[in-house]
Amino acid sequence: ALRENELRYRIVANNTADWEFWQAPDGKFIYSSPSCKEITGHSVGEFFDDDGLLERIIHPDDLVKFSSHRHFALTSKMVGEIEFRIILPDGWVQWIGHVCQPVFDDQNRYLGVRGSNRNITARKQAERELQRAKESLEEVNHTLLVAIEREQRISRIDSLTEVYNRRYFFEIAAHECSVAERYK
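Keep in mind it's a predicted model, so treat the numbers as computed, not measured.

In this structure, what is going on with the overall build of the chain? I would like to understand it.
When its secondary structure is counted, the chain shows 7 helices and 5 strands. For 184 residues, the compact-globule estimate of 2.2 N^0.38 gives 16 Å, and the C-alpha radius of gyration of the chain, at 31 Å, exceeds that figure by more than 25%. Structurally, the chain occupies a C-alpha span of about 90 × 45 × 30 Å along its principal axes. The buried share of the chain, taken over its 184 residues, is 29%. Total accessible area computed for the chain in this model is approximately 13100 Å², and 56% of it derives from carbon and sulfur atoms.

Would you take a moment to explain the environment of R109 for this structure?
By the secondary structure assignment, R109 is in the loop between β4 (93-104) and β5 (110-119). Discounting chain neighbours no more than four positions away, the residues touching R109 are V103 and F104.

How should the nonpolar core be read in this particular structure?
As a rule of thumb, nonpolar side chains are buried together in soluble globular proteins. Formed by 16 residues in total, the largest nonpolar core has its most connected members in W19, F47, L54, F84 and I86. Taken together, the elements giving at least two residues each to this core come down to β1 (19-23), α2 (36-40), α4 (53-57) and β3 (80-87). Setting aside its immediate chain neighbours within four residues, L54 contacts W19, F29, F47, F66 and R70.

Honestly, the pattern of salt bridges in this entry has me stumped. Any pointers?
When the charged atoms of two side chains with opposite charge come close together, those side chains can pair. With the rule as written, the count across this model stands at 12 salt bridges. One salt bridge connects D51 with K28, and the closest N-O pair in it is separated by 3.0 Å. One end of the pair, D51, is in the loop between α3 (44-49) and α4; the other, K28, is in the loop between β1 and β2 (29-32), and 23 residues separate them in sequence. K124 is the salt-bridge partner of E83, the closest N and O atoms lying 2.8 Å from each other. Of the two residues, E83 sits in strand β3 while K124 sits in helix α6 (residues 121-156), which places them 41 residues apart along the sequence. Salt bridges sharing partners connect three or more residues here, namely E83, R123, K124 and E127.

When you look at unusual backbone geometry in this model, what are you seeing that I'm missing?
With glycine set apart, most residues show a phi of negative sign, and most peptide bonds adopt trans. Its identity as a non-glycine residue notwithstanding, N108 has a phi of 65°, on the positive side. The residue N108 is located in the loop between β4 and β5 in this model.

Where do I start with the packing of aromatic side chains in this structure?
Where two aromatic rings form a pair, the distance of their centres and the angle of their planes describe that pair. Scanning the entire structure with this criterion turns up 9 aromatic pairs. With centroids separated by 5.9 Å and ring planes inclined at 70°, the aromatic side chains of F21 and F29 adopt a geometry described as edge-to-face. Using a relative accessible area of 8% as the deciding quantity, one classes F29 as buried. Look at F104 and Y110: their rings are 5.8 Å apart centre to centre, the planes differ by 55°, and that puts the pair in the tilted class. In textbook terms, an aromatic cluster arises when at least three aromatic residues are bridged by ring pairs, as seen for W19, F21, F29 and F47. Seen from the ring of W95, K124 lies directly overhead, with NZ or CZ sitting 4.5 Å from the centre.

What's the story with the state of the cysteines in this structure? I'm lost.
Covalently bonding the sulfur atom of one cysteine to the sulfur atom of another cysteine gives a disulfide. Overall, the coordinates contain 0 disulfides when judged by the stated rule. Note on C100: no disulfide assigned, nearest cysteine sulfur contributed by C36 at a separation of 17 Å. The buried category is assigned to C100, whose relative accessible area is 3%.

The rules behind each value
- Residues numbered from 1 in each chain as written.
- Predicted model: local features only at pLDDT ≥ 70, side-chain atom pairs only at ≥ 80, totals over all residues.
- Heavy atoms only, no water.
- Helix = DSSP H or I, 4+ residues; strand = E, 2+ residues; numbered from the N terminus.
- Rg over C-alpha atoms; globule rule 2.2 N^0.38 Å.
- Buried < 20%, exposed > 50% of the residue type's maximum accessible area, 1.4 Å probe, protein only.
- Areas by Shrake-Rupley, 256 points an atom, 1.4 Å probe, with all protein chains shown as cover.
- Contact = heavy atoms within 4.5 Å.
- Core = buried A, V, L, I, M, F, W, Y, C linked by side-chain atoms within 4.5 Å.
- Salt bridge = Lys/Arg side-chain N within 4 Å of Asp/Glu carboxyl O.
- Phe/Tyr/Trp six-rings, centres within 6.5 Å; stacked < 30°, edge-to-face > 60°.
- Lys NZ or Arg CZ within 6 Å of the ring centre and 35° of its normal.
- Disulfide = S-S within 2.5 Å.

So this is what it looks like as structure tokens:
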């Protein structure tokens with residue numbers, strides 16, 4: 001029964017799309033799922049053999065943020081989440097969604113951090129595209145509002161005299177009549 005349970009555990013743990021890991025309190029990897037290769041381009045063995053590999057593949061602009069998160073996770077022993085970029089061996093940049101939580105044994109002794117890293121690059125690209133589309137639509141909206149305002153001004157002011165015309169007078173009169181009707 002123990003072997004069967006261990007086999008089930010290994011099948012689940014080793015066949016997840018996310019990079020699942022467990023790090024000791026000193027930061028050394030105790031477990032790393034094989035999917036780390038898919039996500040980072042580095043094998044399980046590389047992470048076990050090189051304690052500083054994870055920090056070295058983190059994008060330089062995100063390293064301070066990650067270090068701060070890691071310090072918080074290790075010292076507070078609380079669940080934490082962060083998004084950061086890594087640099088793959090071929091130079092490509094990939095976004096990671098990271099969640100981690102403390103691990104304790106039956107006697108409540110702290111055993112390190114258990115975490116999960118997910119490739120969120122496609123989501124980040126979609127967010128950037130949505131932001132660009134939003135900005136573009138806001139620009140078009142502003143241009144339209146300016147054009148409508150200009151058109152309304154042109155339709156209300158006589159081009160020769162620069163004085164409000166009859167159409168504007170009737171608009172104002174209709175509005176004032178509707179306001180007066182409310183107070184009858």
